Amino acid sequence: MKQQEEINDNSRRDFIKTAAIVGIATAACGSLACSCSSKQPVQPIGEKVKLLSPEGEIVEIDSAYLNHQEHMAIVSKLEAREGMAGKKFVMVVDLSRCKNARKCVSACQKWHYRPEETEWLTVKLMKDSDKAAPYWFPKQCFHCDNPPCVKVCPVDATFKRQDGLVLIDNERCIGCKFCMAACPYSTRVFNWTDPVMPEAIANQQYSPETGIPARVGTVEKCDFCPDRSREGLLPPCVEACPNGVFYFGDENEDTVSNGDETVSFTQLIKDRAAYRFQEELGTKPRVYYLPPKDRQFPVERGYENLPDQLKERFKDVMEGGAE
Amino acid sequence: MELNQYQKDIFEKQKPVIENYGKKTWGWTIFFLLWILVGGYALYLQVADGHVVTGMRDNVVWGLYIANFIFFIGISYAGAVISGLLHILHVEWRKPIIRIAEMITVIATMIGPVFILLCVGRLDRLHHLFLYPRLQSPITWDVLAITTYFTGSVIFLYLALIKDFAIYRDAKLNIPKWKQKLYNILAIGYRGTPSQKRHIKISTDLMAIMIIPLAIIVHSVLSWIFGMTLRPGWHSSIFGPYFVLAAIYSGTGVLIMAMWVYRKMYKLNSLLTDKHFVYLGYIMMVLGAAYGYFTFSEYLTAWFGSAKWDNEVIEKLFTLEYYGGWFLFTNIAGIILPILVVAIPFTRKPGLITIASFFMVIALWVKRYLIIVPTLESTLLPMQDTRPEYIKYSATWVEWALTFAGIATFFLLFTLLSKFVTIIPISEFGDKEKTADDTSVPVKEN
C-alpha cells in the first residue's frame, strides 16, 4: 500500500493533492467531501476508506481525512442555473391529511440552518369565508411556471430552471426586494441581519442548489431541495411529515411520492380533484393542493397543543370569523 | 458680453448673492451639513448591522425610502415639464423662473435615486446591474430612464447657463480666482456671435422638446415598478399617467415654494412678481383638478368592484383607525385646498398660494407613502405572524434621519448652486426689448 504510506507520512503537499483527488472522487459518490480547508493536521484513526481516483485507481485513505458534509455544492454554478435535464419537479399537498404537526417546518429549518422565525415553509390556517370550515394549509414556494419574481429581477439572481425550479443565487442578488414585492404569495424572506449559522456551514462553498450559506442583505426562499433530489432523496419536509401530506416527484415520470407510497401524479390530481392556489393570478404554480375533504383530523388537533406564541398566530381564525 | 439696461439691472441686483457667501449662508450650510452627518451615521448603521435597523420587514419590504424616491423624482418635474413646456410655448413670463425650475430638476434627480439605493440590501453589488442586466425588469428600465433623464436635465440646465457664465466671466466680479476660472471654463468661449447664439437656441429648443417625453417615461417606468406586480392598489393601468400627473403637480408646488423663498431672501419682488405666483397657481389648480379626477377614478373603481384583495387595501385607506385620517388629509390638502386657494380671488395671493403649495407637497408625499405601505401590509395569504414589526410597518429613526438628510442635501445643493449662478437668468432678457405688457422684465421696485 504505497499510496497509503505516502499519506501517513503526512507531507502537507501530498495531503492536499490526495484531498483534491478525494474531492473529485466523492463528488461522484455524493455526500462526502474532503476537509482540505482545515488547518490543523488530522490524526489518522486507522479506519480505511477506498475511493476511486480520477486516473481510475483505487485509493485507500484514512477516514479521518474525510468529513461528512450533508450540503455540498455538487454542481457548478452553471449547472445549478440550468437544472436537471428531463426533470419537471412537482409537489402535491394533501390538505385532508394536515393537522399542523409542524414537523415539516422544523425539518426544513434544520436542513437549511434557518433560525426559528424564518420559515421557508409555513403552515397557515385558512378559512375561506365566514361559514366555511377552517383548514391547515402548508405553503412552500410554488415554483411557478410563470414566476412574477423572476420577471422583475434586475440582475438575473433569481431564475427559472428547465426542471421547473425557481432558485436564487445569493452571490448575485443585490437585495432590491423587488421579487418579494412581486411574489403574491409572500414566499420570499430577506436576511435583515447577518445570518447566524454553524461555522462549518458558514464557510461552506455556496451553491444556489443548497442556498447555504445564507448571506445578509439577500433574498432566500424554499428551493425544493435540488441537492437532495440529485441524491435521490425526498425533501426534508416530505420525509418529516408523519401523515404523508406532501407528495414530491417528477411530472415527466408521472410519479410522486410522500415517502410511504409512490403514486401516479396525473391519477392523484385527477382522482382527488387537485387545484392550484389562486389559479386566476396566472402564475401557474408547480404545487397542487388536494382539497380538504373528508379530513383525517379535526382542525383543533393542530391548535390545542401548540405553544402559546404559535397559538397567537391562529387565534383570530380559531375563535370565529373569517381570516 | 454687452448687456442691455434691463440685464444690467437684473445683474446688479444679484451680484452680491454670487459675490459673497455671507454669514447667514454659512450658518445654513453648517446646519444642512449636520443633518447630512446624522444621515451618514444612520447609513453606516444600516450597512454595518443590515436592514434590520429599518422598519422594513418581509411583508413591507419597502417603506419611507421608496416614498422619498417617488417624491424627489416627482418634484424634479418642475424643470422638466414646467420649464420645458413653457419654453416650447414661448411663454414670456417663464424667463425669471426657468432657472429655479431647472435647478430643482437636476438636484431632485440627483437625490431621488439615492433613496432607491438605500432599499438595496447589497450596495457592494450595484455593479451587478450593469454586469448582469435583465431588460425584462422594470428596475432596469428605471436605471436606463433615470440616467438618461438626469443627463438630459443637466444639459438643459447647462445650455441655459452658458450665456450667463459668459456674462459672469466678463463682469469683473469680486470673486476668488478659482471661481473666475471656473466661469471661464464653463462659458466654453461663448462670445455671443450669431452662430453661437443660433446653436444654443437650436439645442435648447431640442432639449426642451426632448425633456418632456423623457420625464414622462421616467415616472411611468417608476410607476410600473408597482403597476407590474400583481398587488392590489398597485396593479392598475392608471398608474403611469397618475404618477406622471402627480409628479408635475408636486413639482409645480415646490417651484412656487422655491420662488417664494428666493423672492423673500434676495428681495427679488420686481422679478418674481405676484403674477408669477398667480400664473403658476393657475397651472397648479388645473393639475390639482386633474389629479383629483385620477384619484377619484382610481379609488372609485377599486371600491365599487370590491374584489376581496382590493378591498383589503381600500378598507385600510377608508377606515380612520388605519390610514383613513391620512388618506383624508391627502385629499383635502392635496386636492381641495390648492384648488380653492387659487380659485377664490380673495385668497389668490403669493403668500397663501405658497402655503397651499406647501400643504399640497406634504400631502403628495403622504400619498406616496399611502400607495406603498397599505398595499404591502395587505398580503394575499393571511399573515398569521406574531411579530408586530412584520405585520405593520413603522419607520425607524434611521429611515427618518436619512429622509431628513435627503431633504438637507436638497437644500444644501440649492444653496451652493444659487451662490454660483444667478437664480434669475440674465441672458434670457437679452434679445427682446421691453414691451408694455411684458411681465418678464423688471417694472419697478416695490
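The shown structure was predicted, so the numbers you read here are calculated from the model rather than taken from an experiment.

Digging into the overall build of chain B
Thought 1: Helix and strand counts for chain B come out as 16 helices and zero strands.
Thought 2: For a compact globule of 446 residues, the expected C-alpha radius of gyration is about 22 Å, and chain B comes in at 23 Å, within 12% of that figure.
Thought 3: Considered along the principal axes of its C-alpha atoms, chain B spans approximately 75 × 50 × 40 Å.
Thought 4: For chain B, with 446 residues in total, the buried portion stands at 48%.
Thought 5: For chain B, the proportion of contacts with a sequence separation of at least 24, taken over those separated by at least 6, is 82%.

Description of the overall build of chain A
Thought 1: Summing up its helical and strand segments, chain A has 12 helices and 15 strands in all.
Thought 2: In chain A, which comprises 323 residues, the share counted as buried stands at 45%.
Thought 3: For chain A, restricting intrachain contacts to residue pairs at least 6 apart in sequence, the fraction spanning at least 24 positions comes to 60%.

Here we look at the sheet that holds strand β14 (residues 262-264) of chain A
Residue and element names in this part refer to chain A.
Thought 1: Across the sheet, five strands lie side by side as β14-β13-β12-β5-β15; this open sheet has mixed pairing. Edge positions in the open sheet fall to β14 and β15 (287-290), since each of these has one partner strand only. Going across the sheet, the axis of each strand differs from the next one's by a mean of 25 degrees, ignoring polarity.
Thought 2: Here three bridges tie strand β13 (residues 255-257) to β14, and the two strands are oriented antiparallel to one another. Note that in β14 the partner of Val-256 across the bridge is Val-263.

Observations regarding the interface of chain A and chain B
Thought 1: Taken together, the 39 residues of chain A in the interface contact 37 residues of chain B.
Thought 2: When the residues that make up the side of chain A that touches chain B are grouped by side-chain class, the tally is 21 nonpolar, seven polar and 11 charged.

Comments concerning the packing of helix α9 (residues 194-227) of chain B against helix α10 (residues 239-266) of chain B
Residues and elements named next belong to chain B.
Thought 1: The N-to-C vectors of α9 and α10 enclose an angle of 125 degrees; their axes lie 8 Å apart at closest approach. Classified by the angle their axes make, α9 and α10 are oblique. The two elements α9 and α10 cross, and the hand of that crossing is right-handed. Where α9 approaches α10, its residues Ile-216, His-219, Ser-220, Leu-222, Ser-223, Trp-224, Phe-226 and Gly-227 are matched on the opposing element by Phe-239, Gly-240, Tyr-242, Phe-243, Val-244 and Ala-247.

What about the pairing of strand β7 (residues 135-139) of chain A?
Thought 1: Burial runs high along β7 of chain A: five of the five residues are buried.
Thought 2: Every second residue of β7 of chain A is oriented toward a common face, with Tyr-135, Phe-137 and Lys-139 of chain A on one face and Trp-136 and Pro-138 of chain A on the other, all of them buried.

Quick word on the packing of helix α4 (residues 77-88) of chain B against helix α5 (residues 98-118) of chain B
Residue and element names in this part refer to chain B.
Thought 1: As a packed pair, α4 and α5 sit with axes 7 Å apart at the nearest point and diverge in direction by 145 degrees. You can see that α4 and α5 cross each other, and the crossing is left-handed. Residues Ala-78, Gly-79, Ala-80, Ile-82, Ser-83 and His-87 of α4 form the contact with α5, whose own contacting residues are Ile-98, Ala-101, Glu-102, Ile-104 and Thr-105.
Thought 2: For the contact of α4 with α5, a count of residues per class yields six nonpolar, four polar and one charged.

Description of the pairing of strand β5 (residues 89-94) of chain A
Residues and elements named next belong to chain A.
Thought 1: Counted residue by residue, β5 has six buried out of six residues, so it is predominantly covered.
Thought 2: Burial along β5 is two-sided: Phe-89, Met-91 and Val-93 and Val-90, Val-92 and Asp-94, pointing in opposite directions, are all buried.
Thought 3: In terms of strand pairing, β5 meets strand β12 (residues 246-250) through five bridges, oriented antiparallel. Across the sheet, Val-93 pairs through a bridge with Phe-246, a residue of β12.

Here we look at helix α4 (residues 103-111) of chain A
All names here are of chain A.
Thought 1: Within the sequence span of α4, burial applies to Cys-104, Val-105, Cys-108 and Trp-111. Down the axis of α4, the buried set is contained in an arc of 140 degrees. They therefore lie on one face.
Thought 2: Contact partners of the buried residues in α4: β6 (122-126), β7, α9 (236-240) and β12.
Thought 3: Directly after α4, the chain includes Tyr-113, whose backbone phi takes a positive value near 55 degrees.

Quick look at the nonpolar core
Thought 1: Judged by nonpolar contacts, the single largest core of 205 residues is most densely connected at Phe-246 of chain A together with Ile-100, Ile-104, Leu-255 and Met-259 of chain B.
Thought 2: For this core, the element with the highest residue contribution is α10 of chain B, accounting for 17 residues.
Thought 3: Every residue in contact with Met-259 of chain B, bar those within four places of it in the chain, is listed here: Ile-97, Ile-100, Leu-272, His-276 and Phe-277 of chain B.

Points about the confidence of the model for chain B
Residue and element names in this part refer to chain B.
Thought 1: In the predicted model, chain B carries a mean pLDDT of 90, and the fraction of residues at 70 or more is 96%.
Thought 2: Ranking the helices and strands of chain B by mean pLDDT puts helix α14 (residues 350-376) first, with 96, and α4 last, with 83.
Thought 3: Every residue in residues 433-446 is under pLDDT 50, and counting partners more than four places away or in other chains gives 24 contacts.

Focus on unusual backbone geometry
All names here are of chain A.
Thought 1: Note the cis peptide between Ile-212 and Pro-213, where omega equals 0 degrees.
Thought 2: Tracing the backbone shows Pro-213 in the loop between α7 (199-202) and β11 (219-220).
Thought 3: Its identity as a non-glycine residue notwithstanding, Arg-102 has a phi of 65 degrees, on the positive side.
Thought 4: Classification of Arg-102 as buried rests on a count of 20 C-beta atoms within 10 Å.

Quick word on the environment of Trp-93 of chain B
Thought 1: On the secondary structure map, Trp-93 of chain B appears in the loop between α4 and α5.
Thought 2: Separated by 257 residues in the primary sequence, Trp-93 of chain B and Pro-350 of chain B have C-alpha atoms spaced 16 Å apart.

Let's talk about the environment of Val-366 of chain B
Residues and elements named next belong to chain B.
Thought 1: Inspection of the secondary structure assignment puts Val-366 in helix α14.
Thought 2: Taking the number of C-beta atoms within 10 Å as the measure of exposure, Val-366 has 19 and is therefore partly exposed.
Thought 3: For the pair Val-366 and Ala-67, spaced 299 residues apart in sequence, the C-alpha to C-alpha distance is 8.1 Å.
Thought 4: Beyond its immediate sequence surroundings of up to four residues, Val-366 is in contact with Trp-326, Phe-329 and Thr-330.

Each value, and the rule that gives it
Residues numbered from 1 in each chain as written. Chains lettered and ligands numbered in written order. Predicted model: local features only at pLDDT ≥ 70, side-chain atom pairs only at ≥ 80, totals over all residues. Helix = DSSP H or I, 4+ residues; strand = E, 2+ residues; numbered from the N terminus. Rg over C-alpha atoms; globule rule 2.2 N^0.38 Å. Buried ≥ 20, exposed ≤ 12 C-beta atoms within 10 Å, placed from the backbone. Contact = placed C-beta atoms within 7 Å. Pairing = 2+ DSSP bridges. Axes fitted to C-alpha atoms, helices over the stretch in contact; angles between N-to-C directions. Nonpolar A, V, L, I, M, F, W, Y, C, P; charged D, E, K, R; others polar. Parallel < 35°, antiparallel > 145°, perpendicular 65-115°, else oblique. Left-handed = near helix turned anticlockwise from the far one by under 90°. Arc of directions from axis to C-beta. Core = buried A, V, L, I, M, F, W, Y, C linked by C-beta atoms within 7 Å. pLDDT = per-residue confidence, 0-100.

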